[in-house]
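Report on the structure
Residue-level listing of the chains:
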Amino acid sequence: MYTDTERCARAVRSKDARFDGWFFTAVLTTGIYCRPSCPVVPPKAENMTFYPSAAACQQAGFRACKRCRPDTSPGSPEWNARADAVARAVRLIQDGVVDREGVPGLAGRLGYSARQIERQLLAELGAGPLALARAQRAQTARLLIETTGLPMADIAFAAGFSSIRAFNDTVREVFALSPSELRARGARGTRGARGTRGTDPAGTSGARGTDGTAPTATPGVISLRLPFRAPLNPDNLFGHLAATAVPGVEEWRDGAYRRTLSLPYGHGIVALSPRPDHIACRLSLTDPRDLTLAISSCRRMLDLDADPVAVDEQLRADPLLTPLVDKAPGRRVPRTVDAAEFAVRAVLGQQVSTAAARTHAARLVTAHGVPVDDPEGGLTHLFPSPEALAALDPEALALPRTRRTTLTTLVAALADGSLRLGPDSDWDRAREQLIALPGFGPWTVEVIAMRALGDPDAFLPTDLGMRRAAAGLGLPSTPAALTARAAAWRPWRAYAVQYLWATEDHAINQLPV
């Protein structure tokens, strides 16, 4: 979009927050870059240039605006709607892969050379993988500086910097403030926000406590706000996560969805609460180096980078879907923080009730999960990894023999790396590998594609709930006919599934109280 300068200029003049994250505005006369909805007086058209990423702005020598804080914008929805190499690379960089494995590790995961990945990212985002990772490190550093009392040296390495000097230089270059000045500015902003909602003009803030007051001082706990594009309907999103929660790993408590997280350097517990203009996020991490991955995992699980206006506009074109969209716009697809975990749970949920699937999963967790402490709630374990489940005794599973074979075959493929599910997955290739496993049919493959891989066009025409909803609306109810009708909903068929499921009176469609 950033190449359409007239359209970008109109978005800036109208301060349209829907375009935040789609592109960034660099102001030639001031040397700063902003989000499209920046509240300051828009610059003259001849003084604006547009970039596809914050990293491209920084690489061109522009500093982040202190007023609109463009680094806190929601991510571009484009990368979640694509499965090509660039989109997969962006998702991996968001997960901190470059910081942990370097550019060769990123390229190796994608099956390309480092030079090919560099060239493709430069062509689409105006910045290579190192620049994109540097921009993300700067954002992580800002969060830690403003929301924790960690020493600056600890923040530098937790954010992924290789040295304190690189940390200091990057913070000064990106924010035009030293780390100490950034912390002092954040503290002044927090004191000024007491008693009010401490948000920026787009309804987001990564610096203040989730209620607009001072950040929590609990050691190891970070409170922040996760931005999203409005509207967002939380009912089916949090309802689905709470209704299918695995005891010991997930729970709904005090208005928040809570769960444990398995992370590269340790583990964590996150509490996520829906608010009118953000998601309140409270993270407890054993190692702050996991912050980047924890945040990106939570955003992916809640589908926060989606563009609901584009999705709903497409679905409203079908007159039978129009009433559903108008009644509750902004539905998201509830996803997962761990694709392998969800694949295991999808097998456990084959042809059984939600309650039975939760019971089967809870038994696996108790027997094979790693115990954790949760002083603030009732979480007890991490969900077991494929490597841990590879050692399980199939005879100990209270499942039909064919289901045991399906589960053990899946776990073995995940554990030995022959099947890789995650943000770097090629959606079509993953489907081919899954359907080749014994016991995997179209429903299981598509529900994994929708909720674990993040394919926005995944579709479940054989799902009984879908077929009942379709028949009730006057849509075709046979899988073939429904699939043909749904061609007009592409590439957003996964969202159509959410609207159709929502027609039923089921706990997954109700926000817990």
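Before reading further, recall that the structure is shown in the block above.
Note that the coordinates shown come from a computational prediction; the quantities given were computed from them, not determined experimentally.

Before going further, it helps to spend a moment on unusual backbone geometry. In this structure, the amide linkage connecting A230 to the following residue, P231, adopts the cis form with an omega of 0°. A cis amide bond links R490 to the next residue, P491, at an omega of 10°. Take P491: it is sitting in the loop between α21 (479–485) and α22 (493–501). We note that K15 has phi near 55°; this positive angle belongs to a residue other than glycine. Mapped onto the secondary structure, K15 falls in the loop between α1 (5–13) and β1 (24–27). With a phi close to 50°, R69 is a non-glycine residue in the positive phi region. One can find R69 in the loop between β4 (63–64) and α3 (85–94). Take R69: its relative accessible area is 16%, and that puts it in the buried class.

Whenever strands of a sheet pair, they do so through backbone hydrogen bonds, lying parallel or antiparallel. With mixed pairing, the four strands of this open sheet are ordered in space as β3-β1-β2-β4. For this open sheet the edge positions go to β3 (48–51) and β4, each flanked by a neighbour on one side alone. Both β1 and strand β2 (residues 32–34) contribute to a ladder of three bridges, which runs antiparallel. Note that in β2 the partner of V27 across the bridge is I32.

Before going further, it helps to examine the side chain of R431. Along the polypeptide, R431 turns up in helix α18 (residues 427–435). Owing to a relative accessible area of 16%, R431 belongs among the buried residues under this scheme. What R431 contacts, discounting residues up to four positions off in sequence, is V445, E446, A449, D455 and A458.

For the pair helix α6 (residues 129–147) and helix α11 (residues 291–302), interaxial distance at closest approach is 10 Å and the crossing angle is 95°. Here α6 is positioned roughly perpendicular relative to α11, judged by the angle of their axes. Mapping the contact onto sequence places Q136, T140, L143 and L144 in α6 and L291, T292 and I295 in α11. The residue inventory of the contact of α6 with α11, partitioned by class, reads four nonpolar, three polar and no charged.

Within the secondary structure layout, P39 lies in the loop between β2 and β3. Look at P39 and you get partly exposed, because its relative accessible area is 29%. Expressed as a C-alpha distance, the spacing of P39 and D373, which sit 334 residues apart in the sequence, is 44 Å.

Bringing helix α20 (residues 464–473) into the picture now. Turning to α20, its buried residues number three or more, namely G465, M466, A469 and A470. The buried residues of α20 all sit within an arc of 130° when viewed along its axis, so they share a single face. For α20, exposure combined with an orientation more than 90 degrees from the buried face picks out L464 and G472. Just beyond α20, the residue with positive phi is G474, at close to 90°.

The five strands lie next to each other as β5-β9-β8-β7-β6, forming an open sheet whose pairing is antiparallel. Each edge of the open sheet is held by one strand with a lone partner, namely β5 (221–226) and β6 (250–253). Pairs of neighbouring strands in the sheet enclose a mean axial angle of 20°, with direction left out of account. Inspection of the sheet shows strand β7 (residues 256–262) paired to strand β8 (residues 267–274) by six bridges, in the antiparallel sense. By the bridge assignment, S262 is partnered in β8 with H267. Against the sheet, α11 engages β5, β7, β8 and β9 (279–285), with an angle of about 140° to β9.

Under the definition given, this model contains eight aromatic pairs. Judged by centre distance (5.6 Å) and plane angle (85°), the ring pair of F23 and F50 falls under edge-to-face. Residue F23 is found in the loop between α1 and β1, and its partner F50 is found in strand β3; the two are separated by 27 residues along the sequence. Like F23, the residue F50 is buried in the burial classification. Connected via pairs of aromatic rings, a cluster forms that spans F19, F23 and F50. Sitting over the ring of F161, R137 keeps its end group 5.4 Å from the ring centre. A cation over a ring is seen here: R289 above Y265, with NZ or CZ 3.9 Å from the ring centre.

Next up on the list: the pairing of β7. Extensive coverage of β7 is indicated by the burial of six of its seven residues. Across four bridges, β6 lies against β7 in antiparallel orientation. By the bridge assignment, E251 is partnered in β7 with R258. The antiparallel hairpin formed by β6 and β7 contains two residues in its connecting segment, where D254 sits at a positive phi of about 55°.

In this structure, P512 sits in the segment after α22. Its relative accessible area of 22% is what places P512 among the partly exposed residues. Each C-alpha atom of the pair P512 and H240 lies 9.6 Å from the other, and the pair is 272 residues apart in sequence. Once residues within four sequence positions are removed from consideration, P512 is found in contact with F238, G239, A242 and W252.

About the cut-offs
Residues numbered from 1 in each chain as written. Predicted model: local features only at pLDDT ≥ 70, side-chain atom pairs only at ≥ 80, totals over all residues. Heavy atoms only, no water. Helix = DSSP H or I, 4+ residues; strand = E, 2+ residues; numbered from the N terminus. Buried < 20%, exposed > 50% of the residue type's maximum accessible area, 1.4 Å probe, protein only. Pairing = 2+ DSSP bridges. Contact = heavy atoms within 4.5 Å. Axes fitted to C-alpha atoms, helices over the stretch in contact; angles between N-to-C directions. Parallel < 35°, antiparallel > 145°, perpendicular 65-115°, else oblique. Nonpolar A, V, L, I, M, F, W, Y, C, P; charged D, E, K, R; others polar. Arc of directions from axis to C-beta. Phe/Tyr/Trp six-rings, centres within 6.5 Å; stacked < 30°, edge-to-face > 60°. Lys NZ or Arg CZ within 6 Å of the ring centre and 35° of its normal.

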